[in-house]
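As a plain string of letters, each chain reads:
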Amino acid sequence: RARVMGLDVEAEVKQLVEEMKRLGGKGPDGKTSVKFGVLFADDRCQNIFEALVGTLRAGKKRKLIHFDGEMLLQGVHDSVDVVLLEEC
């Protein structure tokens, strides 16, 4: 069961990367970034991700994305950049 759940997390992280590419833009360093508030408010992301914050944390743990802090909260962290570390 854990293996199946792990595969689901991997798939969600990959989908998150795709959504970040769709919603974000390239920064001066050439890396794609998007504001947390944009991700959180996007209708498509709301439909795809049951737990966006959990998916973000999983992506950070896998060193695919970066954001400041441990956890992002709607409203408080809307202006925080979520940066794609690797273009997958």
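Before any of the text, the structure's been laid out above.
Reading guide: rules and limits
Residues numbered from 1 in each chain as written. Predicted model: local features only at pLDDT ≥ 70, side-chain atom pairs only at ≥ 80, totals over all residues. Heavy atoms only, no water. Pairing = 2+ DSSP bridges. Helix = DSSP H or I, 4+ residues; strand = E, 2+ residues; numbered from the N terminus. Phe/Tyr/Trp six-rings, centres within 6.5 Å; stacked < 30°, edge-to-face > 60°. Buried < 20%, exposed > 50% of the residue type's maximum accessible area, 1.4 Å probe, protein only. Lys NZ or Arg CZ within 6 Å of the ring centre and 35° of its normal. Contact = heavy atoms within 4.5 Å. Polar contact = N/O pair within 3.5 Å; in protein donor to acceptor, adjacent residues only side chain to side chain.

1. Details of the sheet that holds strand β3 (residues 65-66)
Spatially, the four strands line up as an open sheet ordered β1-β2-β4-β3, and their pairing is antiparallel. Pairing within the sheet leaves two strands with one partner each, and these edge strands are β1 (25-26) and β3. Pairing geometry for strand β2 (residues 32-35) and strand β4 (residues 81-84), over three bridges, is antiparallel. The residue bridging lysine 35 from the neighbouring strand is aspartate 81, located in β4.

2. Focus: the packing of aromatic side chains
Under the defined criterion, the tally for this structure stands at one aromatic pair. Judged by centre distance (5.6 Å) and plane angle (50°), the rings of phenylalanine 36 and phenylalanine 40 are tilted. You can see phenylalanine 36 and its partner phenylalanine 40 sitting in helix α2 (residues 36-41), four residues apart, about one turn around the helix. Judged by its relative accessible area of 0%, phenylalanine 36 is buried. The ring centre of phenylalanine 67 lies 4.4 Å from the NZ or CZ of lysine 60, which sits over that ring.

3. A short note on the environment of glutamine 74
For glutamine 74, the location among the structural elements is in the loop between β3 and β4. We classify glutamine 74 as exposed; its relative accessible area is 55%. For the pair glutamine 74 and phenylalanine 49, spaced 25 residues apart in the sequence, the C-alpha separation amounts to 15 Å. Other than its neighbours up to four places away in sequence, glutamine 74 contacts Phe36 and Phe40.

4. Regarding the environment of histidine 77
Residue position: histidine 77 is located in the loop between β3 and β4. With a relative accessible area of 21%, histidine 77 lands in the partly exposed category. Remark: the alpha-carbon pair of histidine 77 and phenylalanine 36, spanning 41 residues in sequence, is separated by 6.7 Å. For histidine 77, the residues in contact, after removing those within four places along its chain, are Phe36, Met71 and Leu72. Separated by 2.8 Å, the side chain of histidine 77 and the backbone nitrogen of leucine 73 make a polar contact.

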